[in-house]
Amino acid sequence: MKTALRTHGFTESVIRAMTRLANEHGAINLAQGFPNFSAPGVLKEAAARAVCDDINQYAITWGAQRLRRALAHKYAEWYGMEVDPETQVTVTCGSTEAMASVLLAMVDPGDEVVVFEPFYENYGPDAILCGAKPVFVPLNPGESLDLEGVAGAFSSRTRAIIINTPNNPTGRVLSRPELEGIAELCRRHDVLAVTDEIYEHIYYEGEHIPIATLPGMAERTVTISGASKTYSVTGWRVGTIVSPAAVAGAIRKVHDFLTVGAPAPLQEAIAVGMESLDRSYYQTLANEYRGRRDLLYQGLIDAGFSCQRPEGAYYILADFSDLSDLPDDEFARWLTAEIGVASVPGSSFYSRPELGRKIIRFAFCKTEPMLEEAVRRLSAVKRV
Ligand code: GLN
C-alpha cells in the first residue's frame, strides 16, 4: 500500500459500509444519499433510446460534445457564466472522480488544501491520494462561516480550497458575503477554488451562487457538479467539471488515464434532459425536497434529537446526546439493527473522530411514505 495511505490510517467509506449494514438488517437506508424515487421519464427514455441507437462506444474522453454544449448553455442561462464547451468542460465518472482528477492534476505532494469540517467523506482521502496536507476549518450547521478562521488556514503552501455549497453534511448554503470572503483570500494568496456544487438545485433558503461568478474568480475556480442529485441518477456516474482552459488540459489528461470516459449513452441522455427540462422541473425538485426536509426535521426533534433545519442539500446532522451515551458508530449500528433506520456516524465527517462522537447524519432523499415510516420507527428510540 502507498505510504501516504498507510500513515494516514486510510479506512473504507463509512457511508457505503452503512448501506451494506442497512441491507443486512433490512433497515430504512437514510445513510448513503441516494434517492429511492424515479428519475425524470425524459432521461430514462433518452438513455434507452441512446443504447438502441448504438451510442455504445467511447465518447470523446473529455465528454460527448452534445452534453458539453448543453452544460455550457445551462451555466450561461442559470448563472450568466461564459463557458466554452470545447476548452473548459470535462465530463467524468461522477463528481467523485471529478474531485479526484482535479486534485491529482493540480496539487503537488506537500501542498496544503483547505477543507471545511465536517466534510464529505471523500475529500480527506482525495487530498491524501495527492500527497497533499488537508488543513481543516470549521463550518457548522446553522452558523456563519468564521472568515477569520478561514484566513488563518491559508499559508504560503496553500494550493487550493475545497468548497461545497449547498453543503454535505451541514446543510449550509454559503451566502454571498461568505463566498466573497473566501474569494478575496483566493485572490490574495493565488489559490485555486475547487467547488463541489452537486446540490446546486437543492436549497431552501437564500440563493446558490457559484464562486466562479465573483470578480476575478472565473480564472481561478474549478466548478464541479453532476447529474446524480439534480436528475436523481446517482448510479449513472456522470459528473462535470468547468475550469479555466489553462487548467483543463491537465485535468483532462488525468481523467483520460484514470477512466477514459464516462458512459456514452448516459451522457447523451443527460444532454437530452438538460436541453428539454425547463425551470419548473428544478423548482419542483427543490420544493419536494423542502417537504421531505420538514418531515424528517420535525420527526427528529420529536424523537429527542437536536439539529438545525438545513438550508440546502439533503442531509441533517443530528446530535443524540439526550438519547444515548454510546459513541456515534455504536449508536448508528444499534439504530440500524434495533430500530431499523440507518444513518452515518458523525465521526466519519471529521479529521478527529472525537468531534463527531455525539452526531449522526440522516439523508432525506426518500419518498414521504418511507420518511414517515422512518420517523415512526425513530419515535420508538428511548434512552439507551
Ligand atoms: N454523496 C452521497 C452521500 O454523502 C453519496 C456518497 C457516495 O457513496 N457516493 O451520502
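For the structure, check the block above.
Basis of the calculations
Residues numbered from 1 in each chain as written. Predicted model: local features only at pLDDT ≥ 70, side-chain atom pairs only at ≥ 80, totals over all residues. Heavy atoms only, no water. Helix = DSSP H or I, 4+ residues; strand = E, 2+ residues; numbered from the N terminus. Rg over C-alpha atoms; globule rule 2.2 N^0.38 Å. Buried < 20%, exposed > 50% of the residue type's maximum accessible area, 1.4 Å probe, protein only. Contact = heavy atoms within 4.5 Å. Areas by Shrake-Rupley, 256 points an atom, 1.4 Å probe, with all protein chains shown as cover. Lys, Arg positive; Asp, Glu negative; His and termini not counted. Charge placed at Lys NZ, Arg CZ, Asp CG, Glu CD. Phe/Tyr/Trp six-rings, centres within 6.5 Å; stacked < 30°, edge-to-face > 60°. Pairing = 2+ DSSP bridges. Axes fitted to C-alpha atoms, helices over the stretch in contact; angles between N-to-C directions. 1 Å grid on protein atoms, 1.4 Å probe; cavity = no way out; pocket = protein on both sides within 12 Å on 5 of 7 lines; lining within 4 Å. Points joined across faces, edges and corners; volume = space filled by probe spheres on them. Nonpolar A, V, L, I, M, F, W, Y, C, P; charged D, E, K, R; others polar. Disulfide = S-S within 2.5 Å. Salt bridge = Lys/Arg side-chain N within 4 Å of Asp/Glu carboxyl O. Polar contact = N/O pair within 3.5 Å; in protein donor to acceptor, adjacent residues only side chain to side chain. Core = buried A, V, L, I, M, F, W, Y, C linked by side-chain atoms within 4.5 Å. Expected span 1.5 Å × (residues − 1).

With that out of the way, let us pick up the overall build of the protein chain. Along the backbone of the protein chain there are 14 helices and 13 strands. At 20 Å, the protein chain has a C-alpha radius of gyration in line with the 21 Å of a compact globule built from 384 residues. Across its three principal axes, the protein chain shows a C-alpha extent of roughly 60 × 50 × 45 Å. Taken across its 384 residues, the protein chain has 58% of its residues classed as buried. Contacts in the protein chain between residues far apart in sequence, at least 24 positions, make up 76% of those at least 6 positions apart. Carbon and sulfur atoms make up 51% of the accessible area of the protein chain, which totals about 15500 Å². When the 37 positive and 48 negative side-chain charges of the protein chain are each reduced to one mean point, those points stand 2 Å apart.

Using the criterion set out here, one finds 18 aromatic pairs in the structure. Between Y75 and Y79, the aromatic rings sit 6.0 Å apart at their centres with planes inclined by 45°, giving tilted as the arrangement. With Y75 and Y79 both in helix α4 (residues 65–79), this residue pair falls 4 residues apart, about one helical turn. Here the two residues Y75 and Y79 agree in accessibility, since each one is buried.

Right, let's get into the sheet that holds strand β8 (residues 239–242). If you walk across this open sheet you meet the 7 strands as β2-β8-β7-β6-β5-β3-β4, and the pairing is mixed. The outermost strands of the open sheet, each flanked by one partner alone, are β2 (89–92) and β4 (133–138). The average undirected angle you get between the axes of adjacent strands in this sheet is 20°. As judged from the 4 bridges shared by β2 and β8, these two strands associate in the antiparallel manner. Its bridge partner lying in β8, T92 is registered against G239. Here α4 sits on the sheet in contact with β2, β7 (221–226) and β8, set at roughly 115° to β2.

So, about the sheet that holds strand β13 (residues 359–363). Paired through their backbone hydrogen bonds, the strands of a sheet run either parallel or antiparallel. One open sheet accounts for 4 strands, arranged β9-β10-β13-β12; its pairing is antiparallel. Looking at the sheet topology across the chains shown, the edges are occupied by β9 (306–307) and β12 (344–345).

So, about empty space enclosed by the protein. Where empty space is left in the structure can be found by rolling a water-sized probe over the atoms. Enumeration according to the criterion identifies 4 cavities of 30 Å³ or more in this entry. For the largest cavity, the calculated volume is near 100 Å³. L71, S225, G226, A227 and M274 are the residues nearest the centre of the largest cavity, which is lined by 14 residues in total. Sorting the residues of the lining of the largest cavity by element identifies α4, β7, α9 (227–230) and α11 (264–276) as the ones contributing at least two each. Of all the elements, α4 adds the most residues to the lining of the largest cavity, at 4 residues. The residue makeup of the lining of the largest cavity, split by class, is 8 nonpolar, 4 polar and 2 charged.

On to the state of the cysteines, then. Tallying each qualifying case throughout the model produces 0 disulfides. You can see C307 has no disulfide; the closest cysteine sulfur is in C365, sitting 16 Å from it. Of the residues examined, C307 reaches a relative accessible area of 12% and is grouped as buried.

Moving on: the pattern of salt bridges. Scanning all chains against the criterion turns up 23 salt bridges. Across the salt bridge formed by E268 and R66, the nearest N and O atoms sit 2.9 Å from each other. Highlighted residues: E268 in helix α11 and R66 in helix α4, separated in sequence by 202 residues. Classification of E268 by relative accessible area gives buried; the value is 18%.

Tracing the backbone through its elements, the reader meets R361 in strand β13. For the buried residue R361, which engages in no salt bridge, the nearest side chain bearing the opposite charge is E121, 7.8 Å off. Here the side chain of R361 touches N168 through a polar contact of 2.7 Å, side chain to side chain.

On to the layout of surface pockets. By volume, the second largest pocket amounts to about 380 Å³. G33, T96, Y120, K229 and R237 are, among the 22 residues lining the second largest pocket, the residues nearest its centre. At the level of secondary structure, the elements contributing two or more residues to the lining of the second largest pocket comprise α2 (14–25), α5 (94–106) and α9. For the lining of the second largest pocket, the element with the most residues is α5, which contributes 3 residues. Grouping the constituent residues of the lining of the second largest pocket by class yields 7 nonpolar, 10 polar and 5 charged.

This paragraph deals with the nonpolar core. If you look at the biggest cluster of nonpolar residues, it comprises 103 residues, and the most contacted ones within it are Y231, I270, L300, F305, Y314, F362 and L378. With 9 residues, the top contributor of residues to this core is helix α12 (residues 279–303). Beyond its immediate stretch of four places on either side in the chain, L378 contacts L300, A303, F305, L335, I339, V341 and F362. If you look at the next biggest cluster of nonpolar residues, it comprises 23 residues, including A153, I163, I182 and M217.

We now examine α4. For α4, built from 15 residues, the straight-helix expectation of 21 Å at 1.5 Å per residue is met to within 8% by its first-to-last C-alpha distance of 21 Å. Of all the positions in α4, only L67, R68, A70, L71, A72, K74, Y75 and Y79 are classed as buried. Of the residues flanking the end of α4, it is G80, one or two places downstream, whose phi is positive at about 65°.

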